[in-house]
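Here is what each chain is made of, one letter per residue.
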Amino acid sequence: MSRVTRVTRAAIPLIAAAALSGVPVVTAAASASAATASHTSSHTAPCPPRIVADWVRAWNGTDPRALGALFTARGVYTDLGLGVVFHGREEISGWKARADRLIDGIHVTVRATHRDGSRITVDAVYAGRLKAAPEAFAVPMTTLLDLDGHGRIASDQDHYSLAEVLAQSGLPADWTPPAS
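Residues numbered from 1 in each chain as written. Predicted model: local features only at pLDDT ≥ 70, side-chain atom pairs only at ≥ 80, totals over all residues. Heavy atoms only, no water.

With respect to the overall build of the chain
Our working definition: Strands here mean DSSP runs of E at least two residues long; helices mean DSSP runs of H or I at least four residues long; both are numbered from the N terminus. Under the scheme applied here, a residue whose accessible area is under 20% of the maximum for its type counts as buried, over 50% as exposed, and between as partly exposed, the area being computed with a 1.4 Å probe on protein chains only. In this description, contact between two residues means that some pair of their heavy atoms is separated by no more than 4.5 Å. Computed with a 1.4 Å probe, the accessible areas rest on the Shrake-Rupley method; for each residue, only the protein chains presented here act as cover.
When you go through the chain residue by residue, the secondary structure sums to six helices and seven strands. Order of helices (α) and strands (β) in the chain, N terminus to C terminus: α-α-β-α-α-β-β-α-β-β-β-β-α. Out of the 180 residues belonging to the chain, those deemed buried represent 34%. A sequence separation of at least 24 residues applies to 53% of the contacts in the chain between residues at least 6 apart. Counting every atom, the chain has about 10600 Å² of accessible surface; 60% of that belongs to carbon and sulfur.

Quick look at the pattern of salt bridges
Just so we agree on the cut-off: Every case where a carboxyl oxygen of Asp or Glu lies within 4 Å of a side-chain nitrogen of Lys or Arg is listed as a salt bridge.
Inspection of the entire model under this criterion finds seven salt bridges. Put simply, Asp104 and Lys131 hold a salt bridge, and the shortest N to O gap is 3.3 Å. With a gap of 27 residues between them, Asp104 in strand E4 (residues 103-116) and Lys131 in the loop between strand E5 (119-130) and strand E6 (137-147) connect regions that are remote in the sequence. Since its relative accessible area comes to 39%, Asp104 is described here as partly exposed.

As for the nonpolar core
If you look at soluble globular proteins, the nonpolar side chains tend to sit buried side by side. The test is simple: Residues grouped as a nonpolar core are buried Ala, Val, Leu, Ile, Met, Phe, Trp, Tyr and Cys residues, joined through side-chain atoms within 4.5 Å.
Judged by nonpolar contacts, the single largest core of 34 residues is most densely connected at Trp55, Trp59 and Tyr126. Looking at this core, the elements with two or more residues in it are helix H3 (50-60), strand E2 (71-79), helix H5 (88-102), E4, E5, E6 and helix H6 (162-169). Ignoring anything within four residues of it in the chain, the contact list for Trp55 reads Leu67, Leu70, Val108, Val122, Met141, Thr143, Leu145, Ile153, Asp156 and Asp158.

Printed below as a string of structure tokens:
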């Protein structure tokens, strides 16, 4: 008969509860496999790189400076849905502050990441509710993050469909946000 350790005995109810609730369970073998995969130059990560987790936390949070702080001093943020570009931490923080004023419950959910050298591609869902809109939106978004040698974001390019955001929100295709 195999010997069950205290750790294993404690983990069994947690694993069973997770399995019953539909939450994916990561085993030691899967963790080892993921750790091996994370050391390759190109992979799809089961757990996003730290900078991606920090970027998501900043977008989902309420402190605009948290987003700007992730960038290099000369970092560039490009929102291709709206066709706007921001340079430097202050402008990027200002963009997050404006987004927070215009959109209730901004939320980014990462579906997958892919890293190739200093470039990370993030497959995500961008969601929220424009304050003037009758409905919320949740649209696919792809973000390209280019990092400097210290792990800071040098460039962020967000790709999503503004037309889809407006359609899901119940707003006309020619709607523009109020100036602020």
